[in-house]
Amino acid sequence: MRYFQKAIRRAGIPVSFSQGYHPHQLLTFASPLGVGMESSGEYLDIEVEECSSIEELQEALEAQMAEGIDVLSARILPEHAANAMSIVAAADYRLGWPQNMPCTADELAQLAAQFTAQDSIPILKKTKKHERVVDIRPMIYDLRAEGSSLYLRCASGSEANLKPQQLLETMLRSGGLEYNPYACLITRLDLFARTKDGQLVSLEKYNG
Amino acid sequence: MQKLALSDDILLQVEKPARYLGNEINAVHKEIHPGMIRFAMAFPDVYEIGMSYLGIQILYDLLNAREDTACERVYSPWIDLDQIMKERHIPLFALESQDPVKNFDFLGITLQYEMCYTNVLQLLDLSGIPLMAADRTEEDPLVIGGGPCAYNPEPLADFFDLFYIGEGETVYNRLLDVYQENRRSGRSREDFLLQAAQIPGIYVPRFYDVTYHEDGTIASFRPNREEVPAVIRKQVVTDLSDVIYPEKPIVPFIKVTQDRVVLEIQRGCIRGCRFCQAGMVYRPNRERSLEFLKEHAVKMLESTGQDEISLSSLSSSDYSQLPELVNFLLDYCEKKKINISLPSLRIDAFSLDVMSKVQDVRKVSLTFAPEAGTQRMRDVINKGLTQEDILGGARQAFDGGWSRVKLYFMIGLPTETDEDVTGISDLANKIAEEFYEIPKGSRPGNGRIDIVVSTSFFIPKPFTPFQWVPQADLAQLHHRQELLNRTIKESVNHKSIRYNWHDFELSHLEGIFARGDRRLSGVLVKAYEGGCLYDSWGDFLKVDVWKKAFEEAGIDPDFYTYRERPADEILPWDFIDAGVSKQFLRREYETAKAEKVTPNCRMRCSGCGCRIYESGVCYEDQNTVQ
């Protein structure tokens, strides 16, 4: 957030500010990315005072990016569009092992198939105050292995949210394997909203 | 993608991995050619602290402005990474290229406070550079130190190849020219150091020998080579408006301590508080021009996208064009929705007016630093602030809407009595009374005043009038702190006053190293080997390990702290000419004992010795030598 606030200033984008003694830029991330995760599909809503050309705005912001961060596309949302954060319903992830893969690719595929064949997958969720059992099976929309990577589509957002680390830990343990949180590189590929007829659509293409 | 020295699995398991990436906005990445000088500039503390320090940014730009030099940054790896690097034998790397520090020509380490000395050893150790300068070979980087603690470099003398005494802007270019010349002609490290030692402001410890009397005091401190000077004179910038200053400061990814654009408006201070080392060693007071500051403020805000700018100086209120500067910034920042932070302002009508424009008076505290509780004590330390000033300022602040006050004091000051300590409580109570005299309906805030009293322990520092005094011992400090706590608790307005205090142990250690000599290097090595690191971070201070380190090294710490040093004793830092003469400091010490104040530099020149720099306040019209 701080990174983008500064980039927006450097780019000279006429961003809108909140009222009050310490006005802040009106920005919202669709879903803040955890530290240590890679991504190729993040979304940021920016409220601006004026915008004559969305292409120019995209270029101006792209010119201020550090290596490894690119502004891939930009578009103007209709007035009163719901903000990105409130519409996120699902996310795609790739889980890979640069080294120290816990099992072979075949075993991984087998494990994923067995895992998703279950009707329910109860896990213990801990919050600061209490613990409760949650069934994560309904949150897994798709899970498949491809080579030495796992591809996951799962619930994400305020209504239901599944962390890919949680899934991986549960799945590996169910197969009697060890879970090393630092060995797996997780990439978020895209975020999705649900259309009125229940379809998942990439936020980039979502039209309310 | 940029190369990284740390593998993904390490970056995933350490706290705040962005500390170690080095590809921040405005970082300088140079292509390295043979024959270039590679300079690693280190701050011996964690990234967030080091990145907040203006001096590194200035030197970074200065060195990178040279075509033949690539300067990169290094910070202390946090304890989590420290452990991993030691276990897996990963050498310390510079951020920009991620190359090992060991491959560099220079490792520069800035010395901002004494309690970072174990972190200095960590930098050397992790880099694979021998701790002792004497053990280094042609393959090792030259280790150079600078910054305020270089005014007494002796406790670190064994670990450094050279120090620069004074402001870095002045000597580095010449030093690097000499280095290039030396390298081109195929001469040795020792040859370079001998050449360097002849550049004004450069101190090469190995060319000086120290002998001691039986009682442990210094008998002699002399060069062992006839080419090098007996006295090292501090070098200063004479025109601060015609010198390199950052235009594109690096923008960190993570939140750092000073997360804003920093505009250094002046150097030095006209006040002459007798406890303050910065106020003495950065003399003469020199201002930057209004035009220079306006230009740099705008350039830095535009190039960083920062949303806050802070003025930096020892006493901003003394900057002669402060209203013009502040009005310019208020105007510019209002339009751009940028916050202004104005530390070290004296409380008066002007500053209150400005502060009410840049902050929410209901939420922000007003800070006073009377430093001592009684007028007598304030006179001793030459803090030219009277009770009337404080109460008057407080009253104006209450009228302006403030209802929170922070007060800073020191305990353990020279000549301090119990009365001076209880005076702190009295002063806090008088401020509260001033508040409660306002009729109930017209009081600001919720009708109550919130006063926070903080005390730190006075530590005598080199090149101050108190460089000879004994530091108050732990028993005394404990007694005074308890006394103050009790007095505040029993006072009339105790419900409105909170009291915060500092840790003894840290101040005690700081005092030892501040006025220490070369013999302390053994203690530092033992403490580091015993696991001491990040000592200034409260939680990590290992008092027992330090105690053991002193015992094993056969050093009596009390020798450095609890002794009144005689006037004729050779002090470890006497070979440095910091501008202020020893005679002046002694005169000031005597004036302090007589409880008399000395006027500030703008009122009258007190002949401290800094006129030799031919700049700044010494040459303003009103000043004539006494």
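### Notes on the overall build of chain B
A count of helical and extended segments in chain B gives 20 helices and 19 strands. At 25 Å, chain B has a C-alpha radius of gyration in line with the 25 Å of a compact globule built from 626 residues. C-alpha atoms of chain B, sized along the principal axes, occupy 80 × 65 × 55 Å. Counting the 626 residues in chain B, one finds 45% classified as buried. For chain B, long-range pairs separated by at least 24 residues make up 76% of all intrachain contacts whose partners lie at least 6 apart in sequence.

### Focus on the overall build of chain A
Along its length, chain A carries 5 helices and 10 strands. For chain A, the spread of C-alpha atoms along the principal axes amounts to about 55 × 35 × 35 Å. Burial statistics for chain A: of 208 residues in total, 20% are counted as buried.

### Quick look at the sheet that holds strand β13 (residues 308-312) of chain B
Residues and elements named next belong to chain B. Pairing in this open sheet of 3 strands is parallel, and the strands run β10-β13-β14 from one edge to the other. Each having just a single partner strand, β10 (261-264) and β14 (339-341) make up the two edges of the open sheet. With direction set aside, neighbouring strand axes in the sheet form an average angle of 20°. By the bridge criterion, 3 bridges tie β13 to β14 in an arrangement that is parallel. By the bridge assignment for β14, Ser310 is matched with Ser341.

### As for the interface of chain A and chain B
Interfaces are often sized by the accessible area lost when the parts come together. Of the residues lining the interface, 20 residues belong to chain A; the matching set on chain B comes to 20 residues. If one sorts the elements of the side of chain A that touches chain B by residue count, helix α1 (residues 2-11) of chain A sits on top with 7 residues. For the side of chain A that touches chain B, the per-class residue count stands at 11 nonpolar, 4 polar and 5 charged.

### A word on the nonpolar core
Membership of the largest hydrophobic core comes to 154 residues, with the highest contact counts inside it found for B:Ala40, B:Val74, B:Val143, B:Leu162 and B:Ala428. Among the elements that line this core, the one with the most residues is helix α14 (residues 418-436) of chain B, at 7 residues. The next biggest cluster of nonpolar side chains, apart from the first, holds 26 residues, and it includes A:Ala30, A:Ala89, A:Ala90 and A:Leu111.

### A closer look at the domain arrangement of chain A
We note that the domain assignment places domain 1 (1-76) and domain 2 (87-202) within chain A. Within the side of domain 1 of chain A that touches domain 2 of chain A, the residues separate by chemical class into 4 nonpolar, 4 polar and 1 charged.

### Things to note about the environment of B:Leu477
Residue and element names in this part refer to chain B. Mapped onto the fold, Leu477 is located in helix α15 (residues 474-490). Leu477 sits in the buried class, given 21 other C-beta atoms within 10 Å. Taking the C-alpha atoms as reference points, Leu477 and Cys532, separated by 55 residues in sequence, lie 25 Å from one another. Discounting chain neighbours no more than four positions away, the residues touching Leu477 are Ile411, Gly412, Phe457, Ala472 and Phe504.

### A word on the pairing of β10(B)
Residue and element names in this part refer to chain B. Across the two faces of β10 the burial differs, with Val261 and Leu263 buried and Val262 and Glu264 not buried at all. Where β10 lies against β13, 4 bridges are found, and the strand directions are parallel. Residue Leu263 lies in a different strand from β13, and its bridge partner there is Leu311.

### Section: the environment of B:Phe409
Residue and element names in this part refer to chain B. Summarising the element assignment, Phe409 is placed in strand β16 (residues 404-411). In this structure Phe409 comes out as buried when scored by C-beta crowding, with 25 C-beta atoms within 10 Å. Spatially, the C-alpha atoms of Phe409 and Ile232 are 34 Å apart, while their sequence positions differ by 177 residues. When near neighbours in sequence (up to four residues on either side) are disregarded, Phe409 contacts Pro370, Glu371, Ala372, Gly373, Ile424, Val453 and Thr455.

### Examining helix α7 (residues 189-196) of chain B
All names here are of chain B. Among the residues making up α7, those that are buried are Phe192, Leu193 and Ala196. Down the axis of α7, the buried set is contained in an arc of 100°. They therefore lie on one face. Lining the buried residues of α7 we find β5 (162-164), α6 (168-184) and β6 (202-203).

### So, the sheet that holds strand β15 (residues 366-371) of chain B
Residue and element names in this part refer to chain B. Within the open sheet, the 4 strands sit side by side as β15-β16-β17-β18. Their pairing is parallel. Whereas interior strands pair on both sides, the edge strands pair on one side only; in this sheet they are β15 and β18 (497-501). Taking each pair of neighbouring strands and ignoring which way they run, the sheet shows an average axis angle of 20°. As paired strands, β15 and β16 are joined by 4 bridges and run parallel to one another. Bridge assignment links Glu371 to a residue of β16, and that residue is Phe409. Running over the sheet, α15 touches β16, β17 (450-457) and β18 and is turned about 165° from β18.

### Considerations on the packing of α14(B) against α15(B)
All names here are of chain B. Put simply, α14 and α15 touch, their axes get as near as 9 Å, and they point 35° apart. α14 and α15 meet at a crossing whose hand is right-handed. Packed against α14, whose contacting residues are Asp418, Val421, Thr422, Ile424, Ser425 and Ala428, the element α15 presents Arg480, Leu483, Leu484, Thr487 and Ile488 at the interface. Across the contact of α14 with α15, the residue classes tally to 6 nonpolar, 3 polar and 2 charged.

### Thoughts on the pairing of β17(B)
Residues and elements named next belong to chain B. Across the two faces of β17 the burial differs, with Ile451, Val453, Thr455 and Phe457 buried and Asp450, Val452, Ser454 and Ser456 not buried at all. Examined bridge by bridge, β16 and β17 share 8 bridges and lie parallel to one another. Across the sheet, residue Val405 finds its bridge partner in β17, namely Ile451. Traced from β16 through α14 to β17, the parallel crossover comes out right-handed. As defined by bridge partners, β17 adjoins β18 across 5 bridges and the pair is classed as parallel. Its bridge partner being in β18, Thr455 is matched across the sheet by Trp501. Once you follow β17 into α15 and on to β18, the crossover reads as right-handed.

### Looking at unusual backbone geometry
Residues and elements named next belong to chain B. Following Arg283, the chain continues to Pro284 via a peptide bond in cis, the omega torsion being -5°. In this structure, Pro284 sits in the loop between α8 (277-281) and β12 (286-287). Phi angles above zero are rare outside glycine, and Gln98 is one such case at about 65°. Judged by C-beta crowding, with 17 C-beta atoms within 10 Å, Gln98 ranks as partly exposed.

### Some points on the environment of B:Leu474
Residue and element names in this part refer to chain B. Here Leu474 is to be found in helix α15. Judged by local crowding, Leu474 falls into the partly exposed class, with 16 C-beta atoms found within 10 Å. Residues Leu474 and Ile32 lie 442 residues apart in sequence; the distance between their C-alpha atoms is 53 Å. Setting aside residues up to four positions removed in sequence, Leu474 forms contacts with Phe504 and His508.

### Section: the confidence of the model for chain B
Per-residue pLDDT for chain B averages 95, and the proportion of residues at 70 or more is 99%. Across the interface, the model reports ipTM at 0.89; the global pTM reads 0.94.

### Some thoughts on the packing of helix α17 (residues 521-529) of chain B against helix α18 (residues 543-553) of chain B
All names here are of chain B. Contact geometry for α17 and α18: axes closest at 8 Å, N-to-C directions at 135°. By the angle between their axes, α17 is oblique relative to α18. With respect to the hand of their crossing, α17 and α18 are arranged in right-handed fashion. Along the contact surface, α17 presents Gly522, Val523, Lys526 and Ala527, while α18 presents Val545, Trp546, Ala549, Phe550, Glu552 and Ala553.

About the thresholds
- Residues numbered from 1 in each chain as written.
- Chains lettered and ligands numbered in written order.
- Predicted model: local features only at pLDDT ≥ 70, side-chain atom pairs only at ≥ 80, totals over all residues.
- Helix = DSSP H or I, 4+ residues; strand = E, 2+ residues; numbered from the N terminus.
- Rg over C-alpha atoms; globule rule 2.2 N^0.38 Å.
- Buried ≥ 20, exposed ≤ 12 C-beta atoms within 10 Å, placed from the backbone.
- Contact = placed C-beta atoms within 7 Å.
- Pairing = 2+ DSSP bridges.
- Axes fitted to C-alpha atoms, helices over the stretch in contact; angles between N-to-C directions.
- Nonpolar A, V, L, I, M, F, W, Y, C, P; charged D, E, K, R; others polar.
- Core = buried A, V, L, I, M, F, W, Y, C linked by C-beta atoms within 7 Å.
- Domains from an automatic or database assignment.
- Arc of directions from axis to C-beta.
- Left-handed = near helix turned anticlockwise from the far one by under 90°.
- Right-handed = clockwise from strand over helix to strand, strands pointing away.
- pLDDT = per-residue confidence, 0-100.
- Parallel < 35°, antiparallel > 145°, perpendicular 65-115°, else oblique.

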